[in-house]
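This is what each chain is made of:
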Amino acid sequence: MSYLFLVSIICILFLSGTVATYLGIENTVTFAYAPFVVYFLVHQGRFRWSQVTKLMVVVIGFAVFAYVFRLIGLGQDYFKNYLTFLVLPMLLAIDLENEGGRRLSLLRKTLLVFFIIECGIAIYEKWTGTYIFYDPTSVLTSHQLQYYSIEDWEFRSSGLFEHPLMNAMIVCVVMSFILISNMQMKYKLLLFALGYASLWCFNARGAIIVSSVLMVPYLLRSLYQSNIKKKAWFYAAFILFSVVFVQQLLTTSLGGRLLAGEGGLVDGSTQARIDVFTFYEYITSFQLWLGDLNLYLYVKEMLHTGGVENGIVTIILREGIVFTVIILLLLLRVQLKQTSFLDRYTKLFLFAVFYIIGVMNPNLASSLPWTFWILGFYGFVGAEKHSCLKNERE
């Protein structure tokens with residue numbers, strides 16, 4: 001069973017994005033979850049129904065209700081949407097909530113390998129100016145290619161999940177759980193340095209700012225409060241890395257849009273994040289309250305942007321205000337129940353990173369950030385939670 005569990009996690013991590021498309025696999029999320037579904041069905045008899053598990057079942061129950069309501073009442077087929085966005089991630093969370101420390105440790109090791117590979121690919125792509133699994137120019141016509149050219153500072157690594165912003169959010173989510181875990185400080189520093197460098201390779205300004213403002217202080221606070229020996233050496237290493245990294249930002253194209261862009265922080269991309277709040281002007285009241293699967297592309301065209309650059313607005317376009325409020329409250333309730341044993345400062349840190357980055361782009365409407373919250377939580381914090389629950393039962 002451990003082998004099937006490992007295969008399930010590997011498929012979810014590596015076949016939910018560009019790699020699957022690169023291999024010619026369609027319906028990437030459902031394909032990636034296929035081994036896990038088999039494992040879940042074999043393993044489901046061993047679950048204990050805790051409060052958080054029951055909440056996850058409520059989310060699945062709401063997904064079923066919403067699907068039937070839309071299909072029968074509105075003539076809308078949301079089967080794939082609710083399956084990938086709510087049902088499969090919640091089944092994953094139910095399983096991991098009931099896993100023992102041994103498999104959660106295996107999950108942690110697999111996540112670490114994934115994190116290193118994801119960040120390594122980003123750095124390699126930026127360093128060489130090439131793409132491994134996805135080339136954004138592949139969607140351009142031959143005529144468009146004749147006029148296509150970008151400056152070095154405009155290059156954005158595509159990593160394992162095609163879009164730089166999706167990659168950046170996933171890196172930040174995993175990195176936030178690494179920082180609050182019980183890992184040794186030296187490994188936290190090394191992994192943070194790797195993840196932080198990859199964010200600049202993805203050229204994701206929002207994620208860079210959030211990680212700089214939230215993660216760096218959290219890391220330094222953790223270092224200050226730790227009981228490790230030779231703490232001064234860690235401070236020296238952090239300062240040395242910072243100096244070298246800043247030098248690279250200022251003398252190479254690594255600074256990207258944040259430092260080399262002509263508009264700085266205020267440019268067309270920033271304006272798109274402001275204009276997105278006028279989305280309601282282009283849809284009907286019925287669509288505003290109940291949503292439609294086709295609204296995203298329509299509103300994107302009306303806004304004249306490359307995307308609807310707000311995760312919550314994107315969910316509203318698809319689900320409508322009514323269903324968006326219910327879904328987000330249910331998912332937030334699950335997250336709060338999961339993290340109930342963490343201190344207030346740590347919870348605030350996790351939620352700030354997740355939701356601030358999530359509302360800066362449409363990716364919060366995708367299943368991937370929620371899936372990586374689940375994987376990151378149980379991989380890096382779940383073992384400690386498992387230990388707490390075991391002590392309570394004893």
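Before reading further, recall that the structure is shown in the block above.
Rules of the game
- Residues numbered from 1 in each chain as written.
- Predicted model: local features only at pLDDT ≥ 70, side-chain atom pairs only at ≥ 80, totals over all residues.
- Heavy atoms only, no water.
- Helix = DSSP H or I, 4+ residues; strand = E, 2+ residues; numbered from the N terminus.
- Buried < 20%, exposed > 50% of the residue type's maximum accessible area, 1.4 Å probe, protein only.
- Contact = heavy atoms within 4.5 Å.
- Areas by Shrake-Rupley, 256 points an atom, 1.4 Å probe, with all protein chains shown as cover.
- Phe/Tyr/Trp six-rings, centres within 6.5 Å; stacked < 30°, edge-to-face > 60°.
- Axes fitted to C-alpha atoms, helices over the stretch in contact; angles between N-to-C directions.
- Parallel < 35°, antiparallel > 145°, perpendicular 65-115°, else oblique.
- Left-handed = near helix turned anticlockwise from the far one by under 90°.
- Nonpolar A, V, L, I, M, F, W, Y, C, P; charged D, E, K, R; others polar.
- Expected span 1.5 Å × (residues − 1).
- Core = buried A, V, L, I, M, F, W, Y, C linked by side-chain atoms within 4.5 Å.
- Patch = residues over 30% accessible without salt bridge, like charges linked within 9 Å, V, L, I, M, F, W, Y side chains within 5 Å.
- Salt bridge = Lys/Arg side-chain N within 4 Å of Asp/Glu carboxyl O.
- Lys, Arg positive; Asp, Glu negative; His and termini not counted.

Trainee: Sorry if this is basic, but what is going on with the overall build of the chain here?
Mentor: Scanning the chain from N- to C-terminus turns up 19 helices and 0 strands. Residues counted as buried form 52% of the 394 residues belonging to the chain. A sequence separation of at least 24 residues applies to 77% of the contacts in the chain between residues at least 6 apart. With the model as given, the accessible surface of the chain reaches about 18700 Å², and the carbon-plus-sulfur share is 64%.

Trainee: Would you take a moment to explain the packing of aromatic side chains for this structure?
Mentor: Each pair of aromatic rings is reported with the distance of its centres and the angle of its planes. Scanning all chains against the criterion turns up 34 aromatic pairs. A ring pair is formed by Phe-177 and Trp-373, whose centres lie 5.1 Å apart and whose planes are at 80 degrees; its orientation type is edge-to-face. One end of the pair, Phe-177, is in helix 8 (residues 164-180); the other, Trp-373, is in helix 18 (residues 367-380), with 196 residues separating them in the sequence. Three or more aromatic residues joined by ring pairs form one cluster here, namely Phe-85, Phe-177, Phe-341, Phe-351, Phe-354, Tyr-355, Trp-370, Trp-373, Phe-377 and Tyr-378.

Trainee: Quick question: what am I supposed to make of the packing of helix 6 (residues 101-128) against helix 8 here?
Mentor: Two measures define how a pair of helices packs: the angle their axes make with one another and the distance between the axes. For the pair helix 6 and helix 8, the least separation of the axes is 11 Å and the interaxial angle reads 140 degrees. With respect to helix 8, the element helix 6 is oriented oblique. Crossing handedness for the pair helix 6 and helix 8: left-handed. Between helix 6 and helix 8, the residues in contact are Leu-112, Phe-114, Phe-115, Glu-118 and Cys-119 and Asn-167, Ile-170, Val-171, Val-174, Met-175 and Ile-178, respectively. Along the lines of polarity and charge, the residues of the contact of helix 6 with helix 8 split into 9 nonpolar, 1 polar and 1 charged.

Trainee: When you look at helix 1 (residues 2-14) in this model, what are you seeing that I'm missing?
Mentor: Counting along an α-helix, one turn takes 3.6 residues, and residues three or four places apart therefore face a common direction. An ideal rise of 1.5 Å per residue puts 18 Å on 13 residues; helix 1 measures up with 18 Å between its terminal C-alpha atoms. Within helix 1, the full set of buried residues consists of Phe-5, Ser-8, Ile-9, Cys-11, Ile-12, Leu-13 and Phe-14. Looking at the buried residues of helix 1, the elements they touch are helix 2 (18-22), helix 3 (28-43), helix 5 (79-97), helix 6 and helix 18.

Trainee: Where do I start with helix 4 (residues 51-74) in this structure?
Mentor: An ideal rise of 1.5 Å per residue puts 34 Å on 24 residues; helix 4 measures up with 33 Å between its terminal C-alpha atoms. Those residues of helix 4 that sit buried are Val-52, Thr-53, Leu-55, Met-56, Val-59, Ile-60, Phe-62, Ala-63, Ala-66 and Arg-70. In the segment just after helix 4, Gly-75 is the residue with positive phi, at about 70 degrees.

Trainee: I keep staring at the environment of Cys-201 and nothing clicks. Help me out?
Mentor: Here Cys-201 is to be found in helix 9 (residues 185-201). Residues Cys-201 and Ser-157, spaced 44 residues apart in sequence, show a C-alpha to C-alpha distance of 5.7 Å. Leaving out residues up to four positions away in the same chain, Cys-201 has contacts with Ala-122, Ile-123, Lys-126, Phe-155, Arg-156, Ser-157 and Leu-254.

Trainee: I'm lost on the nonpolar core in this one. Help?
Mentor: Soluble globular proteins tend to bury their nonpolar side chains together. Counting residues in each nonpolar core, the largest one holds 115 residues, and the members touching the most others are Phe-372 and Leu-375. Among the elements that take part in this core, helix 8 stands out by supplying 14 residues, more than any other. In this structure, Phe-279, Leu-288, Val-299 and Leu-303 belong to the second largest nonpolar core, which totals 11 residues.

Trainee: Even after reading the chapter, I still don't get unusual backbone geometry, so can you show me in this structure?
Mentor: Across the chain, the bulk of peptide bonds are trans and the bulk of non-glycine residues have phi less than zero. A positive phi angle is found at Glu-162, which is not glycine, with a value near 70 degrees. Note on placement: Glu-162 falls in the loop between helix 7 (142-146) and helix 8. Even without a glycine there, the phi angle at Asn-203 is positive, about 60 degrees. Tracing the backbone shows Asn-203 in the loop between helix 9 and helix 10 (205-225). Classification of Asn-203 as buried rests on a relative accessible area of 2%.

Trainee: Explain a nonpolar patch on the surface to me, please; I cannot follow it from the model alone.
Mentor: A cluster of nonpolar side chains, namely Val-64, Val-68, Leu-71 and Ile-72, defines an oily patch on the protein surface of about 360 Å² accessible area. Tracing the backbone shows Val-64 in helix 4. Using a relative accessible area of 48% as the deciding quantity, one classes Val-64 as partly exposed.

Trainee: I tried to follow the pattern of salt bridges on my own but got confused; where do I start?
Mentor: Opposite charge on two side chains makes pairing possible when the charged atoms of those side chains draw close. Per the counting criterion, the structure on display carries 4 salt bridges. Between Glu-319 and Arg-70 there is a salt bridge; the shortest N-O distance is 3.6 Å. Here Glu-319 is found in helix 16 (residues 311-338), whereas its partner Arg-70 is found in helix 4, with 249 residues between them in sequence. Judged by relative accessible area, Glu-319 falls into the buried class, the value being 0%. For Glu-309, the salt bridge identified is with Arg-273, shortest N-O distance 3.4 Å. With Glu-309 in the loop between helix 15 (295-303) and helix 16 and Arg-273 in helix 13 (residues 268-275), this residue pair connects regions lying 36 residues apart in the sequence. Linked through salt bridges whose partners overlap, the residues forming this network are Arg-70, Arg-318 and Glu-319.

Trainee: Explain the side chain of Lys-300 here, please?
Mentor: Looking at the secondary structure, you find Lys-300 in helix 15. Here Lys-300 occupies a buried position and makes no salt bridge, while the nearest side chain of opposite charge, Glu-301, is found at 4.5 Å. Filtering out sequence-adjacent residues up to four positions away, Lys-300 remains in contact with Thr-305, Gly-306, Gly-307 and Val-308.

Trainee: Can you help me understand the packing of helix 5 against helix 18 in this one?
Mentor: Taken N-terminus to C-terminus, the directions of helix 5 and helix 18 make an angle of 5 degrees; their axes are 9 Å apart at the nearest point. Relative to helix 18, helix 5 is oriented roughly parallel. Touching Thr-84, Phe-85, Pro-89, Met-90, Leu-92, Ala-93, Leu-96 and Glu-97 of helix 5 are Ser-367, Trp-370, Thr-371, Ile-374, Leu-375 and Tyr-378, all from helix 18. A breakdown of the residues in the contact of helix 5 with helix 18 according to their chemical character gives 10 nonpolar, 3 polar and 1 charged.

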